[in-house]
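Residue-level listing of the chains:
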Amino acid sequence: MMELLIQNAREVVTVSSSGKQLKRGAEMRDLGVIERGSIFVKDGIIEWVGREADRAIDTSSETDILDASDMVVLPGFVDSHTHLVFAGSRENEFSLRAEGKTYQEIAEAGGGIWSTVKEVRVATKKELKRSAEKRLDEMMKHGTTTVEIKSGYGLDMDNEIKMLEVINDLEKEHYMTVVSTFLGAHAVPPEYGKNSGEYVRFLLDKLTPYVGKKQLARFSDVFCENGYFNALQGEHLLNEGKKYGMQPKVHADELGSSGGAELAAKVGAISADHLECVSEKGIDALREANVVATLLPGVSFFLGHGYAPARKLIDAGVPVALASDFNPGSCMSFSMPMMMTIACTQMRMTPEEAITACTLNGAAALGLSNRVGSIEAGKVADLAIFNVPNYRYVPYNFGTNLLSKVIKQGVILEF
Ligand code: NIG
Ligand code: FE
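The rules we used
- Residues numbered from 1 in each chain as written.
- Chains lettered and ligands numbered in written order.
- Predicted model: local features only at pLDDT ≥ 70, side-chain atom pairs only at ≥ 80, totals over all residues.
- Heavy atoms only, no water.
- Helix = DSSP H or I, 4+ residues; strand = E, 2+ residues; numbered from the N terminus.
- Rg over C-alpha atoms; globule rule 2.2 N^0.38 Å.
- Buried < 20%, exposed > 50% of the residue type's maximum accessible area, 1.4 Å probe, protein only.
- Contact = heavy atoms within 4.5 Å.
- Lys, Arg positive; Asp, Glu negative; His and termini not counted.
- Charge placed at Lys NZ, Arg CZ, Asp CG, Glu CD.
- 1 Å grid on protein atoms, 1.4 Å probe; cavity = no way out; pocket = protein on both sides within 12 Å on 5 of 7 lines; lining within 4 Å.
- Points joined across faces, edges and corners; volume = space filled by probe spheres on them.
- Core = buried A, V, L, I, M, F, W, Y, C linked by side-chain atoms within 4.5 Å.
- Near = heavy atom within 4 Å.
- Polar contact = N/O pair within 3.5 Å; in protein donor to acceptor, adjacent residues only side chain to side chain.
- Areas by Shrake-Rupley, 256 points an atom, 1.4 Å probe, with all protein chains shown as cover.
- Nonpolar A, V, L, I, M, F, W, Y, C, P; charged D, E, K, R; others polar.
- Salt bridge = Lys/Arg side-chain N within 4 Å of Asp/Glu carboxyl O.
- Donors = N, O, S within 2.8 Å, 3.2 Å for Na, K, Ca; no water.
- Phe/Tyr/Trp six-rings, centres within 6.5 Å; stacked < 30°, edge-to-face > 60°.
- Lys NZ or Arg CZ within 6 Å of the ring centre and 35° of its normal.
- Pairing = 2+ DSSP bridges.
- Axes fitted to C-alpha atoms, helices over the stretch in contact; angles between N-to-C directions.
- Parallel < 35°, antiparallel > 145°, perpendicular 65-115°, else oblique.
- Left-handed = near helix turned anticlockwise from the far one by under 90°.

A few words now on the overall build of the protein chain. Counting its secondary structure elements, the protein chain contains 15 helices and 16 strands. Rg of the C-alpha trace for the protein chain: 21 Å, near the compact-globule value of 22 Å for 415 residues, within the 12% margin. Overall size of the protein chain, expressed as C-alpha extent along the three principal axes, is 65 × 45 × 45 Å. Relative to its full complement of 415 residues, the protein chain shows a buried share of 59%. Across the protein chain, the fraction of contacts at a sequence separation of at least 24, relative to all contacts at a separation of at least 6, is 73%. Of the side-chain charges in the protein chain, 44 are positive and 55 negative, and the distance between the mean point of each set is 3 Å.

This is how it looks when you write it as structure tokens:
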């Protein structure tokens, strides 16, 4: 039996949902902050949380005690959209954009997703795994305790499977909670020329059934965008995935309004991600179908394009999550505090909304908000502890890592 008491924190930011699995509208601003708060953890599960003055649970000689009197405790961050398994890097594209080229121009000239696919195809599983493990370690040092990782840099039978096997190995072997998403429809590989139809057939007939039967992924995803996959192709692919229990996600309306949000609503996706160019109709569809809108402010920041209409979405009652989209092309950062800063300064989200979006609503975007995403009795003790005067300080003081400790399933991780 393992017991841990985190005692007398300046603030315990519970993001308490009182049984709700996600927050929308004004609920997103209610963080349930407990001043001078304590958390009692037993065998990795939160048993009690409240004011230290009200604590009735006694400690024994077996209980580890963490004095948090200078600290603010948040739920560990849930980064619900990443492409963390990759090889190589793309700082050449970063330079080209500084000279005025756009993401699309670079992709059309043979860069973009395809340049990472070439590197991944020649990398061994061991190499992919080792580099991913290092990134996961770093992410934990920034307070992330749950992460979704997509395939999509293999784009053929062997290499998509290789990526998914690496992601599944990470799930088993790393401290991080890892959730796997199949993104065979990330781009059409050049061996198919311009024939996206033939590649979609291969995904429908061969790759999706294989991934589904082997249960290599929890979700399936499609890059629904002009020049990649259209909404009808997306619908077929996501419905095929559903046959094997893979719940849909959609890369929606990033570079243009291409019906991605409407597609997400139609197929019953758990989330629609990006949404920089979402239409009014798309916003209505998301609300009605109860789809989480996962916004990725790091991408707009890094590529220098417009931001998703966070205010409109929140005010319309769509539940909003924030994620990093960490990948070598469009967002080379996995810092969730950094994503919060950008969301607050560029998208006019409040710090409270940003924290809810990085915790409970991120967990909801992965179907995990019954287990993680808030600090409540019965939930897993995944916690990010910051050495700051109050929770607003986390997005306020940007570009530096203010994390003091991360607790994963009740264990204080040492780095
Ligand atoms: O989410 N939009 C598609 N995929 C990634 C970019 C991947 C890449 O450029 O390598 C994204 O932004
Ligand atoms: Fe992405």
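Here we take up the layout of surface pockets. Within this model, the largest pocket holds a volume of roughly 600 Å³. Every residue lining the largest pocket is counted, 19 residues in all, and those nearest its centre are A107, V188, K194, G227 and Y228. Secondary-structure elements contributing two or more residues to the lining of the largest pocket are α2 (103-108) and α3 (113-122). Among the elements that take part in the lining of the largest pocket, α2 stands out by supplying three residues, more than any other.

Another point: the nonpolar core. One finds V85, L275, L286, L295 and F386 to be the most contacted residues of the largest nonpolar core, which totals 103 residues. Ignoring anything within four residues of it in the chain, the contact list for F386 reads D70, M71, V72, L74, F77, P337, V394, L402, L403 and S404. Listed in part, the 17 residues of the second largest apolar core include A9, V73, A381 and I407.

Turning our attention to the site of ligand 1. Surrounding ligand 1, one finds 15 residues, the nearest of these being Y103, Y153, H186, D325 and S330. Between ligand 1 and H83, the relevant distance is 3.3 Å, taken from an oxygen atom to a side-chain nitrogen or oxygen of the residue. Contacts to ligand 1 include Y153, whose side-chain N or O atom sits 2.7 Å from an oxygen atom. Protein chains shield 100% of the accessible area of ligand 1, which is 320 Å² for the free molecule. Among the residues forming the shell around ligand 1, the class breakdown is four nonpolar, eight polar and three charged.

We now examine empty space enclosed by the protein. Tallying each qualifying case throughout the model produces five cavities of 30 Å³ or more. Within this model, the largest cavity holds a volume of roughly 110 Å³. Lining the largest cavity are H83, Y103, I113, Y153, H186, F223, H251, E254, H274, D325, N327 and S330. Across the lining of the largest cavity, the residue classes tally to four nonpolar, six polar and two charged. Taken together, F182, G184, A185, L203, T208, S220, D221, V222, L237 and L238 make up the full set of residues lining the second largest cavity. Among the secondary structure elements, those contributing two or more residues to the lining of the second largest cavity are β8 (177-185), α6 (196-213), β9 (219-224) and α7 (231-242). Tallied by class, residues from the lining of the second largest cavity come to six nonpolar, three polar and one charged.

If you trace the backbone, D79 turns up in strand β6 (residues 77-79). Here D79 is buried and forms no salt bridge, its nearest opposite-charge partner K150 lying at an N-O distance of 9.0 Å.

Before going further, it helps to spend a moment on the coordination of the iron ion (ligand 2). Protein-derived coordination of the iron ion (ligand 2) comes from H81 (NE2), H83 (NE2), H251 (NE2) and D325 (OD), at a distance range of 2.1 to 2.3 Å. Coordination of the iron ion (ligand 2) draws on donor residues from a single chain, spaced H-x1-H-x167-H-x73-D in sequence. Of this pair, H83 sits in the loop between β6 and α1 (91-98) while D325 sits in the loop between β13 (320-322) and α12 (336-346); the two residues are 242 residues apart in sequence, bridging distant segments of the chain. Take D325: its relative accessible area is 1%, and that puts it in the buried class.

Evaluation of the coordinates by the stated rule reveals nine aromatic pairs. On the numbers, 6.3 Å between centres and 40° between planes, the contact of Y199 with F229 is tilted. Linking Y199 in helix α6 with F229 in the loop between β9 and α7, this pair joins segments that are 30 residues apart in sequence. Each of the two residues, Y199 as well as F229, counts as buried. Through a chain of ring-to-ring contacts, three or more aromatic side chains come together here, namely Y192, Y199, F202 and F229. Here the basic side chain of K249 rests over the ring of F219, its NZ or CZ set 5.0 Å away from the ring centre.

Another aspect to go through is the sheet that holds strand β12 (residues 292-295). Reading across the sheet, the eight strands line up as β6-β7-β8-β9-β10-β11-β12-β13 and stay open at both edges, with parallel pairing between neighbours. Taken across any chain shown, the strands that pair with only one partner, and hence form the sheet edges, are β6 and β13. Along the sheet, successive strands turn relative to each other by an average axial angle of 25°, direction set aside. Direction of pairing for β9 relative to strand β10 (residues 247-252): parallel, over a ladder of six bridges. Note that in β10 the partner of F219 across the bridge is Q247. In this fold helix α4 (residues 125-141) packs onto β6, β7 (144-150) and β8, with an angle of close to 140° to the strand it touches most, β7.

Closest axis-to-axis distance for the α12/helix α13 (residues 351-358) pair is 9 Å, and the angle between their directions is 140°. Relative to α13, α12 is oriented oblique. Here α12 runs over α13; the crossing is right-handed. Here α12 contributes M336, M340 and C344 to the contact with α13, which in turn contributes P351, A354, I355 and C358. Grouping the constituent residues of the contact of α12 with α13 by class yields seven nonpolar, no polar and no charged.

None of the figures reported here should be taken as evidence of function without further support.
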